[in-house]
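As a plain string of letters, each chain reads:
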Amino acid sequence: MDESLEGTFKQVAEFVQTWEEGKKAPPDVLAQTYAFFKQATTGDAPAEAPEEESKKAKYEAWLANKGMTKEKAMSEYIKLIEEKKKEFGFGGA
């Protein structure tokens, strides 16, 4: 595992937790962000889908990443957040 990739991933994930502007993203972008994060931190999605309708889009986005390596998911997560920071702004950080 590339330590600099993992360090960057952790920094970006911490930033996202307090990123108010990012909460304006459309649901499909939020689902994709969630999917890359979960794939990087947990691995493949479980076979059983959640029963709650509100969680299904995130689950399906995660499921679409099945087989993606942790490193690839981290890279895609970082790339997506960097793109969205430019699109939605990031409060001067």
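As a starting point, this report considers the structure included with it. Worth saying up front: this structure is predicted, and the values here are computed from it rather than measured.

1. Concerning the pattern of salt bridges
Counted under the stated rule, the structure contains five salt bridges. Where Glu-52 meets Lys-55, a salt bridge forms, and the shortest distance between an N and an O atom there is 3.4 Å. In this structure, Lys-84 engages Glu-87 in a salt bridge whose closest nitrogen and oxygen atoms are separated by 2.8 Å. Residue Lys-84 and its partner Glu-87 are both found in helix α4 (residues 70-88); the two are separated by three residues, about one turn of the helix.

2. Things to note about the side chain of Asn-65
Within the fold, Asn-65 resides in the loop between α3 (53-63) and α4. Setting aside anything within four residues of it in sequence, one finds Asn-65 in contact with Gln-32, Ala-35, Phe-36, Gln-39 and Asp-44.

3. Some points on helix α1 (residues 3-17)
Between its first and last C-alpha, α1 extends 21 Å over 15 residues, near the 21 Å set by a 1.5 Å rise per residue. Among all positions in α1, only Leu-5, Phe-9, Val-12, Ala-13 and Phe-15 are buried. Take α1 and look down its axis: the buried residues cluster within an arc of 160°, on one side only. Along α1, exposed side chains directed more than 90 degrees from the buried face belong to Glu-3, Gln-11, Glu-14 and Gln-17. Buried residues belonging to α1 abut α2 (27-41) and α4.

4. Overview of the packing of aromatic side chains
Within the structure shown, the criterion is met by five aromatic pairs. Plain terms: the ring middles of Phe-37 and Tyr-77 are 5.8 Å apart, the flat faces sit at 55° to each other, and that makes the pair tilted. With Phe-37 in helix α2 and Tyr-77 in helix α4, this residue pair connects regions lying 40 residues apart in the sequence. Tyr-77 sits in the buried class, given a relative accessible area of 3%. A connected cluster of aromatic rings, assembled from ring pairs, spans Phe-9, Phe-37 and Tyr-77. Between the NZ or CZ atom of Lys-58 and the centre of the ring of Tyr-34, over which it lies, the distance is 5.1 Å. The ring of Phe-15 has Lys-85 sitting right over it, with the charged end atom 4.7 Å from the ring centre.

5. A word on α4
The terminal C-alpha atoms of α4 lie 26 Å apart, and with 19 residues this matches the ideal 27 Å at 1.5 Å per residue to within 8%. The set of residues buried in α4 consists of Ala-73, Met-74, Glu-76, Tyr-77, Ile-78, Leu-80, Ile-81, Lys-84 and Lys-85. For α4, the elements touching its buried residues are α1 and α2. Just downstream of α4 lies Gly-89, where phi reads positive at about 85°.

About the cut-offs
Residues numbered from 1 in each chain as written. Predicted model: local features only at pLDDT ≥ 70, side-chain atom pairs only at ≥ 80, totals over all residues. Heavy atoms only, no water. Salt bridge = Lys/Arg side-chain N within 4 Å of Asp/Glu carboxyl O. Helix = DSSP H or I, 4+ residues; strand = E, 2+ residues; numbered from the N terminus. Contact = heavy atoms within 4.5 Å. Expected span 1.5 Å × (residues − 1). Buried < 20%, exposed > 50% of the residue type's maximum accessible area, 1.4 Å probe, protein only. Arc of directions from axis to C-beta. Phe/Tyr/Trp six-rings, centres within 6.5 Å; stacked < 30°, edge-to-face > 60°. Lys NZ or Arg CZ within 6 Å of the ring centre and 35° of its normal.

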